[in-house]
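Structural characterization, general
Chain by chain, the residues run as shown.
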Amino acid sequence: MTRTPNQTFWSDQALATARDVAADGRTVAVVNDFPNGEQCSWCDCTLADFKDHRCGGCPKPAGSILRIHDGTPVRRDIPVCEGHLDDAIELVARFHGGTG
C-alpha cells in the first residue's frame, strides 16, 4: 500500500511540528504516521539472553510507523502492526523516562 498525496501532506506537517517541538532536547515527540508497505518490526521473543538472537520481527504488515523525535539529529522509526502499537508506545515512554 502506498501513501496518498493527502497522507503525505499530513505526515510532512506532523513530522515538521514534532521536530520543532523536540528541538529543545527536553521533549520527546512521537508521530503515529501512515505506513508505506513496511513490515511490523516488533519482536515478541522471550529469550533471556539476546546475545546471538536475530529476529525478523512480527510477520504482519505495519499499520503505523512511530516516528520518534527526541532533540537528537537522528529520528527513530518503529514500524508496528495494530496489535503491537500499544506495546511500542509504552516502550518509547519508558525509554524516555515516562511511566508508560
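The structure reproduced in this document is the subject of the present report. Note that the structure is predicted; figures quoted are calculated from it, not measured.

Definitions and limits used
Residues numbered from 1 in each chain as written. Predicted model: local features only at pLDDT ≥ 70, side-chain atom pairs only at ≥ 80, totals over all residues. Heavy atoms only, no water. Core = buried A, V, L, I, M, F, W, Y, C linked by side-chain atoms within 4.5 Å. Buried < 20%, exposed > 50% of the residue type's maximum accessible area, 1.4 Å probe, protein only. Helix = DSSP H or I, 4+ residues; strand = E, 2+ residues; numbered from the N terminus. Contact = heavy atoms within 4.5 Å. Pairing = 2+ DSSP bridges. Axes fitted to C-alpha atoms, helices over the stretch in contact; angles between N-to-C directions. Salt bridge = Lys/Arg side-chain N within 4 Å of Asp/Glu carboxyl O.

Describing the nonpolar core
Grouped together as the largest cluster of nonpolar side chains are 11 residues: Cys40, Trp42, Cys58, Leu66, Ile68, Ile78, Val80, Cys81, Leu85, Ala88 and Val92. Those elements giving two or more residues to this core turn out to be β2 (64-69), β3 (76-80) and α2 (85-95). Residue contributions to this core peak at 3 residues, all from α2. Residue contacts for Trp42: discarding those within four places in its chain leaves Gly57, Cys58, Pro79, Val80, His84, Asp87, Ala88 and Leu91.

Considerations on the sheet that holds β2
Read across the open sheet, the 3 strands follow the order β1-β2-β3; overall the sheet is antiparallel. Looking at which strands have only one partner, the edges of the open sheet turn out to be β1 (29-33) and β3. Sheet twist, expressed as the mean angle between neighbouring strand axes with direction ignored, is 20°. Along the sheet face, helix α1 (residues 5-22) touches β1 and β2 and points at about 170° away from the line of β1.

Section: the side chain of His84
Locating His84 in the fold gives a position in the loop between β3 and α2. Taking the relative accessible area as the measure of exposure, His84 reaches 8% and is therefore buried. When near neighbours in sequence (up to four residues on either side) are disregarded, His84 contacts Cys40, Trp42, Asp44 and Cys58.

Some details on the pattern of salt bridges
Scanning the entire structure with this criterion turns up 8 salt bridges. Residue Asp24 is joined to Arg26 by a salt bridge in which the shortest nitrogen-to-oxygen separation is 3.5 Å. Classification of Arg26 by relative accessible area gives exposed; the value is 73%. For Asp70, the salt bridge is made with Arg76, and the minimal N-O distance between the two is 3.4 Å. Residue classification places Arg76 among the partly exposed positions, given a relative accessible area of 36%. Members of the salt-bridge network, linked through shared partners, are Arg3, Asp33, Arg67, Arg75 and Asp77.

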